[in-house]
Amino acid sequence: MQLRTRLTARQVDLLLAVAATAAIGSGLASWAVGTGWGRWLTVMHALAGLSLLAMAPAKLRGSVRTGLKRRRATRWLSMLLGALVVATVVLGVLHATGLWHGVGYWSALWTHVLLVAFVAPLLVWHIVSRPGRPGIADLDRRAFVGGGIALAAAGAAYWIQQLAVGDNRRFTGSHEIASFTPAGMPTTMWLNDRSPRVAASDWELTVAGEPVVLETLHDRAAPLIADLDCTGGWWSRQSWDAVPLAELLPENDAPTLEITSLTGYSRLFPAGDAADLYLAVGYGGEPLRRGHGAPVRLVAPGRRGFWWVKWVSRVDPVDRPWWLQLPFPAE
């Protein structure tokens, strides 16, 4: 009750803005990071999102009730923002608990991320358009106590959620699917990427400008156990039949490797990571399926799924910095 009665409407708005900003920032960062330290980003994202739910009653009893009485023309946009925020958080909870994974390509997590694209600009508009915008002066003892109560409630909810879910989730929040069962592994694409229909016999692969015969990769491939962690919210551990990229590259001084799909999709990697990148031609002793990148795909342990370039056609040393690319591909 203290959170509802002691905080002013401006303080509630300020705490909500901080929680929403933290949720969006940590969510996007955790979506990109595939290494162990990304666990803290996932935890931060969960706590920020659950804090929004904890503070929702205070928002409803305060400025929402007052705003509806004023009957501003823009009140419908504000109501839409509130509905989208609640839907976004609920979808996040459904994904995290595994209660609902989504329908087909539109997983609960992908829908969660899509809604954020609508929430972010509406949130900025909502804050800027308020006549009495919250400020630093609103950060008094009451605000810190109220924020602490919301954060404690979020922490308790997160702890209960983790107990309920168990070990199925990876530190990124993804759920395990079909490990060591290639046929059961989902087939997903990044945005508008599409699998090319080119026979393996007609496939052309070049590494540093030199052609590589696919049969050579098959002959040199060795088992490599690695986890594919998809941004769609699932992960799968497979034994990939793969060749280290470093064994195929000639010596060169280029700082960056560009790995390109036949579809035009590409990612840049530090050249120093070549020993930890692999070209896979199969999994579990069987050839790759077309939807999984056949006839050859990149395996990049420790990176999220959108780094694992499918249908690799070229590996090129380039002079531009590897970080000079969008954090998430736009293709």
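The text that follows walks through the structure, step by step, so that each part is easy to find. (Residues numbered from 1 in each chain as written. Predicted model: local features only at pLDDT ≥ 70, side-chain atom pairs only at ≥ 80, totals over all residues. Heavy atoms only, no water.)

Quick look at the environment of Thr187 now. Position of Thr187 relative to the elements: it lies in the loop between β3 (175-176) and β4 (205-207). Distance in space between the C-alpha atoms of Thr187 and Leu14 is 42 Å, their sequence separation being 173 residues. Setting aside residues up to four positions removed in sequence, Thr187 forms contacts with Gly291 and His292. (Helix = DSSP H or I, 4+ residues; strand = E, 2+ residues; numbered from the N terminus. Contact = heavy atoms within 4.5 Å.)

Leu205, Leu217, Trp240, Ile259, Val296, Leu298 and Val312 are the most contacted members of the largest nonpolar core, which has 49 residues in total. Looking at this core, the element that brings in the most residues is strand β10 (residues 278-283), giving five residues. (Core = buried A, V, L, I, M, F, W, Y, C linked by side-chain atoms within 4.5 Å. Buried < 20%, exposed > 50% of the residue type's maximum accessible area, 1.4 Å probe, protein only.)

The subject of this paragraph is the packing of aromatic side chains. Within the structure shown, the criterion is met by eleven aromatic pairs. Centre to centre, the rings of Trp31 and Trp190 are 5.8 Å apart; their planes meet at 40°, and the pair counts as tilted. Separated by 159 residues along the polypeptide, Trp31 in helix α2 (residues 9-32) and Trp190 in the loop between β3 and β4 bring together distant segments of the chain. Owing to a relative accessible area of 9%, Trp31 belongs among the buried residues under this scheme. On the basis of relative accessibility, which here comes to 9%, the residue Trp190 falls in the buried class. Each ring, one from Trp31 and one from Phe328, has its centre 5.1 Å from the other, and the planes form 50°; the classification is tilted. Here Trp31, found in helix α2, pairs with Phe328, found in the segment after β13 (312-318); they are 297 residues apart in sequence, far enough to count as distant. Residue Trp31 shares its accessibility class with Phe328, and that shared class is buried. Taken together, Trp31, Trp110, Trp190, Phe269, Phe306, Trp307 and Phe328 form an aromatic cluster joined through their ring pairs. Above the face of the Trp307 ring, Arg267 is positioned so that its terminal group lies 4.3 Å from the ring centre. One cation-aromatic arrangement involves Arg303 over Trp307; the distance from NZ or CZ to the ring centre is 4.8 Å. (Phe/Tyr/Trp six-rings, centres within 6.5 Å; stacked < 30°, edge-to-face > 60°. Lys NZ or Arg CZ within 6 Å of the ring centre and 35° of its normal.)

With that out of the way, let us pick up helix α6 (residues 141-165). In a regular helix each residue adds 1.5 Å, so 25 residues correspond to 36 Å; α6 covers 36 Å between its end C-alpha atoms and thus fits that length. Within the span of α6, buried status applies to Ala143, Gly146, Gly147, Ala150, Ala154, Tyr158, Gln161 and Val165. Capping of α6 at its N-terminal end is provided by Asp140; its side-chain oxygen lies 3.2 Å from the backbone amide nitrogen of Arg142. Directly after α6, the chain includes Gly166, whose backbone phi takes a positive value near 80°. (Expected span 1.5 Å × (residues − 1). Polar contact = N/O pair within 3.5 Å; in protein donor to acceptor, adjacent residues only side chain to side chain.)

Here we take up the layout of surface pockets. Taken as a whole, the second largest pocket encloses approximately 340 Å³ of empty space. Lining the second largest pocket are 20 residues, with Ala32, Val33, Arg303, Trp307 and Trp322 sitting closest to its centre. Here the lining of the second largest pocket is built from residues that sort into eleven nonpolar, four polar and five charged. (1 Å grid on protein atoms, 1.4 Å probe; cavity = no way out; pocket = protein on both sides within 12 Å on 5 of 7 lines; lining within 4 Å. Points joined across faces, edges and corners; volume = space filled by probe spheres on them. Nonpolar A, V, L, I, M, F, W, Y, C, P; charged D, E, K, R; others polar.)

This part takes up the sheet that holds strand β9 (residues 266-270). Read across the open sheet, the five strands follow the order β5-β4-β13-β8-β9; overall the sheet is mixed. If you trace the sheet from one side to the other, it starts and ends with β5 (210-212) and β9, each paired once. Strand after strand, the sheet turns through a mean of 25° between neighbouring axes, direction not considered. (Pairing = 2+ DSSP bridges. Axes fitted to C-alpha atoms, helices over the stretch in contact; angles between N-to-C directions.)

Two faces belong to every sheet, and in a regular strand the side chains alternate between them. Within strand β7 (residues 234-244), nine of the eleven residues are buried, which leaves it mostly tucked inside the rest of the structure. Here β3 pairs with β7 via two bridges, running parallel. Bridge assignment links His175 to a residue of β7, and that residue is Trp234. As paired elements, strand β6 (residues 222-229) and β7 share eight bridges and run antiparallel to each other.

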